[in-house]
2 protein chains.
Amino acid sequence: MKQLKSDIDFERENIMMNIAVAQSGGPTCAINASLVGVFREALKETAIDAIFGSINGIEGIINNHLVDMKSMIRTNDDMELLRQTPSTVLGSCRYKLPDWKDDDTVYKQIVKTLKQRHVGAFFYIGGNDSMDTVNKLSEYFATIDLDIKVIGIPKTIDNDLCVTDHTPGFGSAAKYVAVTMREITRDSTVYSIPSVTIVEIMGRHAGWLTASSAVLHKLGETAPHLVYVPEAKFSDEDFLRDVRHEMSKHKAVIVAVSEGIEVPEGVQSGVVDNFGHKYLSGIGKYLEELVRAEIGCKVRSIELNVMQRCSSHICSRTDITESESIGAAGVRCALSGETGKVMVFKRMYDMPYTTVITTADAELIANKEKFLPKEYINKAGNNINDSALSYFLPLIQGELDLIMEHGVPKHFTLQESVLK
Amino acid sequence: MKQLKSDIDFERENIMMNIAVAQSGGPTCAINASLVGVFREALKETAIDAIFGSINGIEGIINNHLVDMKSMIRTNDDMELLRQTPSTVLGSCRYKLPDWKDDDTVYKQIVKTLKQRHVGAFFYIGGNDSMDTVNKLSEYFATIDLDIKVIGIPKTIDNDLCVTDHTPGFGSAAKYVAVTMREITRDSTVYSIPSVTIVEIMGRHAGWLTASSAVLHKLGETAPHLVYVPEAKFSDEDFLRDVRHEMSKHKAVIVAVSEGIEVPEGVQSGVVDNFGHKYLSGIGKYLEELVRAEIGCKVRSIELNVMQRCSSHICSRTDITESESIGAAGVRCALSGETGKVMVFKRMYDMPYTTVITTADAELIANKEKFLPKEYINKAGNNINDSALSYFLPLIQGELDLIMEHGVPKHFTLQESVLK
């Protein structure tokens with residue numbers, strides 16, 4: 001790939017509108033597909049000239065660190081490769097804008113960059129924290145009477161954004177979890193002695209991804225035999241009783257557990273990020289030790305870790321296709337004159353699976369979380385009802401034709417020097 | 001699938017030869033492919049009548065717990081599905097035969113079952129521990145002048161068997177590791193702050209699987225920047241110096257580390273299995289804490305855990321094809337009159353990749369380990385030489401056309417009741 005200048009001196013006298021796009025928050029398999037969606041749609045629009053990619057989310061706008069995406073993505077093959085590449089090709093950030101009424105310094109820097117680059121619309125692909133940025137920026141621009149559209153493109157494997165039926169990135173993560181949980185089930189059932197396998201799945205406060213592992217029940221698996229989500233009450237005593245009960249029925253008991261279930265203090269490390277999120281870890285290990293001490297059988301815990309958000313090789317085609325579409329819809333939304341909006345999915349039917357893309361006010365999504373509905377969780381609070389599975393199943397359907405090199409999926413990357 | 005009787009009353013007056021096959025040791029993605037190889041080849045042989053599958057390795061022979069594999073595998077689709085299914089469909093064991101000179105009780109039970117079932121050849125698919133069983137059984141049968149052939153079919157993701165160029169199951173594990181390591185690299189490079197990511201890979205004493213992650217260097221990745229295997233000397237001080245040096249060159253440093261490298265006592269739990277293997281864990285976490293304490297940067301550790309041995313969805317087609325072939329070759333070997341042999345691969349060329357299947361005496365393989373050659377490891381003992389990569393690359397080539405159901409790879413399974 002041609003070396004990109006990390007800072008492009010792009011000034012024109014007779015402007016059409018330029019646009020800028022950035023990626024933020026934790027990586028997913030689908031966030032580059034949304035970037036391709038924005039890029040491909042923008043190419044079609046004669047009103048749009050340059051397409052700038054901001055390096056490391058909003059930080060790239062603040063620091064005027066942008067790349068010219070037309071130089072970066074030169075061929076159809078580039079676009080397809082980028083669509084299949086996990087994580088954020090432009091880098092990410094966890095930068096939280098201050099309230100501009102308290103301190104508008106960075107807002108002024110942002111305006112300076114956007115004006116200098118003749119940007120008429122800014123697209124922010126991210127989670128509920130990033131939608132806080134969309135909300136604040138659009139409000140600030142209105143206050144200073146600046147006509148730059150700000151549109152949010154959702155993404156998060158946590159699926160915890162309000163209003164939207166589901167979030168881009170979730171389907172691929174859910175597919176990875178289902179596929180891996182099934183393979184772990186095969187792996188766990190080989191020995192003649194009883195065993196317990198605890199699989200720890202991401203989800204700070206919402207149990208969507210953990211719950212999605214129950215799709216295996218539709219495929220004839222009895223596993224996962226127990227599913228614990230943060231939305232249900234958890235106690236060590238109930239957990240041990242549940243495990244003992246399942247061990248009376250199954251030789252190898254498989255447990256799916258959200259990293260965010262409530263366990264005694266000290267298990268979660270308590271370190272807090274810029275948005276006040278605790279970094280969680282160790283719930284699987286904690287429960288493993290509990291089973292070892294109290295039941296004394298063969299037991300192990302498995303943390304699916306970042307693989308659940310970056311395993312593009314088994315991404316959901318439905319997810320990738322939708323993620324590109326919602327990026328493209330964002331461009332059309334901005335051109336129609338809207339701002340301060342987040343693009344959302346509205347589900348029409350589970351089967352045949354049908355969604356439409358519409359918009360919601362960013363303030364309805366920013367800093368808010370959507371939890372698993374009560375009716376998805378069984379009465380005992382230790383599994384997912386079959387009736388919930390028609391929600392999850394359409395999201396994990398289909399695979400991509402992967403572009404391989406030497407037996408490994410190929411990725412689209414920028415040179416390290418561009419990202420520095 | 002039709003319910004199988006867990007114990008088949010299979011007695012004939014006029015015998016052709018029956019055969020029995022069992023699977024042992026830790027699961028891999030390829031051990032069922034070898035079972036299919038044995039089964040498919042045996043179907044072709046008019047001299048072979050019944051094909052018995054032993055439940056839970058040699059334990060099934062001891063306890064006369066066998067299934068009729070012709071009832072179990074009824075269609076071409078069944079065969080293909082089983083080939084793609086990870087782990088051991090017949091169950092596994094970690095049973096070590098005693099020396100028959102000390103105690104021949106179980107040997108007599110084994111002989112009783114094999115005679116009752118008119119078994120003329122027994123195939124044991126497993127690692128170096130299972131080849132100990134092949135060796136002992138064939139010696140014992142010779143001693144009592146019993147004409148039952150015993151043939152070993154190798155498998156292990158550790159790739160640590162002597163004589164053979166490589167082991168079935170290793171290629172798929174290596175492919176999973178390479179693919180996942182590349183995806184983790186994408187995931188790790190998103191933020192603007194420096195970070196260290198430590199990926200812990202299986203390998204008790206031999207670093208084959210960890211070393212295989214270096215194939216990414218052939219694909220233009222600088223990661224893994226550091227590779228630590230048990231065959232090289234390790235010290236905390238050298239490790240920290242290496243990490244600091246790589247951090248001066250790369251924003252996100254990726255480290256591949258074998259679970260079996262030597263670290264201070266107490267990190268490895270020290271629990272020992274029937275074969276005297278220590279259960280290892282925690283090396284990644286240990287190094288993570290070391291970096292946090294001594295360097296103080298963003299750091300995380302990722303354990304690839306059982307996913308590296310059961311992720312059939314990204315198995316190597318080369319591995320699965322070879323694993324089936326070596327199972328089939330085992331049947332031909334037994335029919336040619338050999339016993340006490342293990343089937344092995346001999347590599348003719350790296351490119352175009354060419355192997356032939358031949359045999360080795362089981363005693364040359366039983367209870368022995370093959371280590372990474374010194375010339376594969378760089379002088380500093382912290383990475384793999386490029387010259388070694390032509391060994392690894394052919395083993396991870398190709399993918400299977402996966403049979404999917406509802407977005408998840410389908411598996412071939414026996415009913416839980418059969419395995420009990």
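Below: a short report on this structure. Given the structure is predicted, the values throughout are model-derived calculations rather than measurements. Numbers given for residues are sequential positions, taken from 1 along each chain in its written order. Whichever chain is written first is A, and whichever ligand is written first is 1; the rest continue in order. Given that the model is predicted, a residue must reach a pLDDT of at least 70 before its local features are reported, and side-chain atom pairs must reach 80 or more before they are shown or counted; all residues, however, enter totals for whole chains, interfaces and linings. Just so you know, side-chain values use all the structure's heavy atoms and leave hydrogens and water out.

## Digging into the interface of chain A and chain B
Each side of the interface is counted separately: chain A has 64 residues, and chain B has 64 residues. Buried area: the accessible surface (1.4 Å probe) lost by two parts on joining, summed over both. Contact between chain A and chain B buries roughly 4,900 Å² in total, counting both sides, with carbon and sulfur atoms accounting for 55%. Within this document, salt bridges are pairs made up of a side-chain nitrogen of Lys or Arg and a carboxyl oxygen of Asp or Glu, the two lying within 4 Å of each other. Where chain A packs against chain B, one counts four salt bridges. A salt bridge links Glu-405 of chain B to Arg-182 of chain A, with the shortest nitrogen-to-oxygen separation between them at 2.8 Å. N or O atoms within 3.5 Å of each other form a polar contact, as long as, within protein, one can give a hydrogen and the other can take it, and as long as residues adjacent in sequence are counted only when both atoms are side-chain atoms. Linking chain A with chain B are 33 residue pairs in polar contact (both at pLDDT 80 or more), by the criterion used here. Here a helix means four or more residues in a row that DSSP labels H or I, a strand means two or more in a row labelled E, and each is numbered from the N terminus. Listing elements by their share of the side of chain A that touches chain B, those giving two or more residues are helix H7 (170–188), strand E9 (298–303), helix H11 (307–310), strand E12 (404–405), strand E13 (408–409) and helix H14 (416–419) of chain A. No other element matches the ten residues that H7 of chain A contributes to the side of chain A that touches chain B. As a working rule, the residues Ala, Val, Leu, Ile, Met, Phe, Trp, Tyr, Cys and Pro are called nonpolar, Asp, Glu, Lys and Arg charged, and the rest polar, with Gly in that last group. Broken down by class, the residue content of the side of chain A that touches chain B amounts to 23 nonpolar, 23 polar and 18 charged. Whether two residues touch is decided by their heavy atoms; if any such pair falls within 4.5 Å, the residues are in contact.

## Describing the pairing of strand E2 (residues 48–54) of chain B
For every residue, the accessible area obtained with a 1.4 Å probe (protein chains only) is divided by the maximum for its type, and the residue is called buried under 20%, exposed over 50%, and partly exposed between those limits. Most of E2 of chain B sits inside the fold, with seven of its seven residues counted as buried. In this view, the connection linking strand E1 (residues 17–23) of chain B to its parallel neighbour E2 of chain B by way of helix H1 (residues 31–44) of chain B has right-handed handedness. For a crossover, the right-handed case is the one in which the path from the first strand over the helix to the second runs clockwise, viewed with the strands pointing away from the viewer.

## Describing a negative patch on the surface
All names here are of chain A. Any residue with relative accessible area above 30% and no salt bridge may belong to a patch, with like charges joined within 9 Å and the nonpolar Val, Leu, Ile, Met, Phe, Trp and Tyr side chains within 5 Å. What sets the accessible areas is the Shrake-Rupley method with a 1.4 Å probe; for residues, cover comes only from the shown protein chains. Under the convention used here, Asp and Glu are negative, Lys and Arg are positive, and both His and the chain ends fall outside the count. Charged side chains are reduced to one point each, which is NZ for Lys, CZ for Arg, CG for Asp and CD for Glu. A grouping of Asp-99, Asp-102, Asp-103, Glu-139 and Glu-363 is seen on the molecular surface, where their side chains present a negatively charged patch. Note that Asp-103 resides in the loop between helix H4 (76–83) and helix H5 (105–116). Owing to a relative accessible area of 36%, Asp-103 belongs among the partly exposed residues under this scheme.

## Things to note about the sheet that holds strand E4 (residues 119–126) of chain A
Sheet strands line up and pair through hydrogen bonds in the backbone, either parallel or antiparallel. All names here are of chain A. What the seven strands build is an open sheet, ordered E3-E2-E1-E4-E5-E10-E11; its pairing is mixed. In this open sheet, the two edge strands, each paired with only one partner strand, are strand E3 (66–68) and strand E11 (354–361). The mean angle between the axes of side-by-side strands here comes to 30°, regardless of whether they run parallel or antiparallel. Where strand E10 (residues 341–349) lies against E11, eight bridges are found, and the strand directions are antiparallel. If you follow Tyr-349 over to E11, its bridge partner there is Thr-354. Any two strands with at least two DSSP-identified bridges between them are counted as paired. Here, axes are lines fitted to C-alpha atoms. For helices the fit covers the stretch in contact, and angles between N-to-C directions go from 0 to 180 degrees.

## Let's talk about the nonpolar core
Of all hydrophobic cores here, the largest spans 90 residues; its most connected members are Phe-392 of chain A together with Phe-392 of chain B. Those residues within four positions of Phe-392 of chain B in sequence are excluded, and the remaining contacts are Phe-170, Trp-208, Ala-211, Ser-212, Val-215, Leu-372 and Tyr-376 of chain B. The criterion is simple. A nonpolar core is a set of buried Ala, Val, Leu, Ile, Met, Phe, Trp, Tyr and Cys residues joined through side-chain atoms within 4.5 Å.

## Concerning the packing of aromatic side chains
Classification of ring pairs uses Phe, Tyr and Trp, with its six-membered ring standing for Trp, and accepts pairs whose centres are within 6.5 Å; under 30 degrees between planes counts as stacked, over 60 as edge-to-face, and the remaining range as tilted. For the structure shown, the criterion picks out 30 aromatic pairs over all chains. Judged by centre distance (4.8 Å) and plane angle (50°), the ring pair of Tyr-107 of chain B and Tyr-140 of chain B falls under tilted. Highlighted residues: Tyr-107 of chain B in helix H5 (residues 105–116) and Tyr-140 of chain B in helix H6 (residues 128–143), separated in sequence by 33 residues. Given the relative accessible area of 5%, Tyr-140 of chain B is considered buried. An aromatic cluster is defined as three or more aromatic residues linked by ring pairs; in this entry it consists of Phe-170, Trp-208, Tyr-376, Tyr-391 and Phe-392 of chain A. Only when the NZ atom of a Lys or the CZ atom of an Arg is both within 6 Å of the ring centre and within 35 degrees of the ring normal do we say a charge sits over the ring. Sitting over the face of the ring of Trp-100 of chain A, Lys-101 of chain A holds its NZ or CZ atom 4.9 Å from the ring centroid. The positively charged end of Arg-117 of chain A is found above the aromatic ring belonging to Phe-52 of chain A, 5.2 Å away from the centroid.

## Some words on the sheet that holds strand E6 (residues 195–201) of chain B
Residues and elements named next belong to chain B. Judged by pairing direction, the sheet is parallel, and its four strands sit side by side in the order E7-E8-E6-E9 without closing on themselves. Whereas interior strands pair on both sides, the edge strands pair on one side only; in this sheet they are strand E7 (226–228) and strand E9 (298–303). Shown here is a sheet whose adjacent strand axes are inclined to one another by a mean of 15°, direction ignored. Summarising the sheet, E6 and E9 pair through six bridges and their orientation is parallel. Pairing of Val-199 across the sheet is with Ile-302, part of E9. Running over the sheet, helix H7 (residues 170–188) touches E6, strand E8 (252–258) and E9 and is turned about 165° from E6. Contacts from helix H10 (residues 283–294) reach E6, E8 and E9, with the element oriented near 160° to E6.

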